[in-house]
Amino acid sequence: MAYLLALLLLLPLPAGAWNAAGHRLVAAVAWQEMTPPVRERVSALLRRHPDHARWLKRQQEADADYGVFLEASTWPDDIRRDPRFHDADEPPTPRLPGFPHMLRQTHWHYRDASGGGPAGEIDTRLLSLADELASGREAEQVYALPWLLHLVADIHQPLHTGGRGDRGGNAFEIENPYNPRKPFMSLHAYWDELPGPPWLRGRHLEPPLRRLSALPPPPQGEVAGWLAESRELLAGPVYPRVSGSLLPLVTPEFHRRAQAIADARLAAAGHRLGRWLNRLLTPVSPGRGSR
Ligand SMILES: [Zn+2]
């Protein structure tokens, strides 16, 4: 038993925060914020990405550029199981054109200072990815864009910003009567799945998107502030406090509140991502000087 627990603690964080539906929802809110020239620039960059054809095949939107943007947002999670990529302790795989390396970089998805596992580097990564995106060097921009789309969403998921020495809630089991097929699950998985079933695309994505779009847009702030907000939630309403038969229990009240927090975090991530892309990718007109 102790051995199993030790083994569990050594495993990297499993799913990337927010499931695929959550990431596509954040991207969809961002698209609404983006100016037409920035949408065009983003689409041009994604067309140069080695996985553009895969995204095009998978997307289900009438506007294919929009659909591809949604698909690109899950790319850093998709490569976790992709044999073209490798972990740091595995031999390198052949590089895709323009790529700096083929590492999966699973530690980029979080920052956990609680001592429950590797510390992660989501906040510092976001800043360097933003620099790459603003650099104007196309190969760097193509690589950085799907990562930035993804990590702005992850940093808004409270459990990607710490925990109680439980690997961001991965080692914290709860009882969830709202999922009859899986009534016992980790707290991390519970929060990841709040956006809805991971297959949501096309018209199925519209009802939750309308719900998120109706929420008031947040102030922009910056990366350190987004992390601090997530940590504040982590210290407050993220963990269930009522005991069930065996484990902490998801009560109707907890579930309602968690859903409202998840919606607010997804919407905030979307608005902030869209505005950030506007700032990073809008060309500075000559004569206005540099930023
Ligand atoms: Zn992730």
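The shown structure was predicted, so the numbers you read here are calculated from the model rather than taken from an experiment.

1. Considering the overall build of the protein chain
Working step 1: Across its full length, the protein chain holds 12 helices and four strands.
Working step 2: Taken over C-alpha atoms, the radius of gyration comes to 19 Å for the protein chain, in line with the 19 Å a tight globule of 291 residues would show.
Working step 3: For the protein chain, the spread of C-alpha atoms along the three principal axes comes to 65 × 45 × 35 Å.
Working step 4: Looking at the protein chain as a whole, 51% of its 291 residues qualify as buried.
Working step 5: Put simply, of all contacts in the protein chain between residues at least 6 apart along the chain, 70% involve residues at least 24 apart.
Working step 6: With an accessible surface of roughly 13,800 Å², the protein chain has 59% of that area assigned to carbon and sulfur atoms.
Working step 7: Charge-centre separation for the protein chain: the mean point of 34 positive side chains lies 3 Å from the mean point of 32 negative side chains.

2. Observations regarding the packing of helix H8 (residues 138-154) against helix H12 (residues 252-281)
Working step 1: In contact at an axis separation of 9 Å, H8 and H12 are set at 155° when each is read in the N-to-C sense. Classified by the interaxial angle, the pair formed by H8 and H12 is roughly antiparallel. For the crossing formed where H8 meets H12, the hand is right-handed. Of the residues in H12, those in contact with Gln 141, Leu 145, Leu 148, Leu 149, Val 152 and Ala 153 of H8 are Ala 269, Leu 273, Trp 276, Leu 277, Leu 280 and Leu 281.
Working step 2: A class-by-class count of the residues in the contact of H8 with H12 yields 11 nonpolar, one polar and no charged.

3. A word on the packing of aromatic side chains
Working step 1: Under the defined criterion, the tally for this structure stands at 12 aromatic pairs.
Working step 2: Centre to centre, the rings of Phe 99 and Tyr 143 are 5.2 Å apart; their planes meet at 80°, and the pair counts as edge-to-face. You can see Phe 99 sitting in the loop between helix H6 (75-78) and helix H7 (122-134) and its partner Tyr 143 sitting in helix H8, a full 44 residues away along the chain.
Working step 3: What makes Tyr 143 buried here is its relative accessible area of 4%.
Working step 4: These aromatic residues form a ring-pair network of at least three members: Trp 75, Phe 85, Phe 99 and Tyr 143.

4. Digging into the nonpolar core
Working step 1: With 74 residues, the main nonpolar core has Phe 69, Leu 126, Leu 148, Tyr 190, Trp 191, Trp 276 and Leu 277 as its most contacted residues.
Working step 2: Residue contributions to this core peak at 12 residues, all from H12.
Working step 3: Apart from residues lying up to four places away in sequence, Tyr 190 is in contact with Ile 174, Asn 176, Met 185, Val 250, Phe 254, His 255 and Ala 258.

5. Quick notes on the coordination of the zinc ion
By definition of the ideal shapes, four donors in a tetrahedron about a metal sit 109.5 degrees apart, and six donors in an octahedron sit 90 or 180 degrees apart.
Working step 1: The protein atoms donating to the zinc ion are His 109 (ND1), His 150 (NE2) and Asp 154 (OD), with metal-donor distances spanning 2.0 to 2.2 Å.
Working step 2: Expressed as a motif, the donor residue spacing for the zinc ion is H-x40-H-x3-D. Linking His 150 with Asp 154, this pair stays in helix H8, spanning four residues, or about one helical turn. Taken as a pair, His 150 and Asp 154 share a single burial class, namely buried.

6. Details of the side chain of Asn 19
Working step 1: With respect to the helices, strands and loops of the structure, Asn 19 is situated in the loop between helix H1 (2-10) and helix H2 (20-33).
Working step 2: The buried category is assigned to Asn 19, whose relative accessible area is 11%.
Working step 3: Within the structure, Asn 19 has its side chain in polar contact with the backbone oxygen of Gly 196 (distance 2.7 Å).
Working step 4: Those residues within four positions of Asn 19 in sequence are excluded, and the remaining contacts are Asp 192, Glu 193, Pro 195, Gly 196, Pro 197 and Pro 198.

7. A closer look at helix H10 (residues 202-213)
Working step 1: Its 12 residues place the ends of H10 16 Å apart at the C-alpha level, agreeing with the 16 Å of an ideal helix rising 1.5 Å per residue.
Working step 2: Taken residue by residue, H10 has Gly 202, Leu 205, Pro 208, Leu 209 and Leu 212 as its buried positions. One side of H10 carries all its buried residues, which in axial view fall inside an arc of 120°. Those residues of H10 that are exposed and angled more than 90 degrees off the buried face are Arg 203 and Arg 210.
Working step 3: Of the surrounding elements, those touching the buried residues of H10 are H2, helix H5 (64-72) and H12.

Definitions and cut-offs
- Residues numbered from 1 in each chain as written.
- Predicted model: local features only at pLDDT ≥ 70, side-chain atom pairs only at ≥ 80, totals over all residues.
- Heavy atoms only, no water.
- Helix = DSSP H or I, 4+ residues; strand = E, 2+ residues; numbered from the N terminus.
- Rg over C-alpha atoms; globule rule 2.2 N^0.38 Å.
- Buried < 20%, exposed > 50% of the residue type's maximum accessible area, 1.4 Å probe, protein only.
- Contact = heavy atoms within 4.5 Å.
- Areas by Shrake-Rupley, 256 points an atom, 1.4 Å probe, with all protein chains shown as cover.
- Lys, Arg positive; Asp, Glu negative; His and termini not counted.
- Charge placed at Lys NZ, Arg CZ, Asp CG, Glu CD.
- Axes fitted to C-alpha atoms, helices over the stretch in contact; angles between N-to-C directions.
- Parallel < 35°, antiparallel > 145°, perpendicular 65-115°, else oblique.
- Left-handed = near helix turned anticlockwise from the far one by under 90°.
- Nonpolar A, V, L, I, M, F, W, Y, C, P; charged D, E, K, R; others polar.
- Phe/Tyr/Trp six-rings, centres within 6.5 Å; stacked < 30°, edge-to-face > 60°.
- Core = buried A, V, L, I, M, F, W, Y, C linked by side-chain atoms within 4.5 Å.
- Donors = N, O, S within 2.8 Å, 3.2 Å for Na, K, Ca; no water.
- Polar contact = N/O pair within 3.5 Å; in protein donor to acceptor, adjacent residues only side chain to side chain.
- Expected span 1.5 Å × (residues − 1).
- Arc of directions from axis to C-beta.

All we've got here are geometric facts, nothing functional implied.
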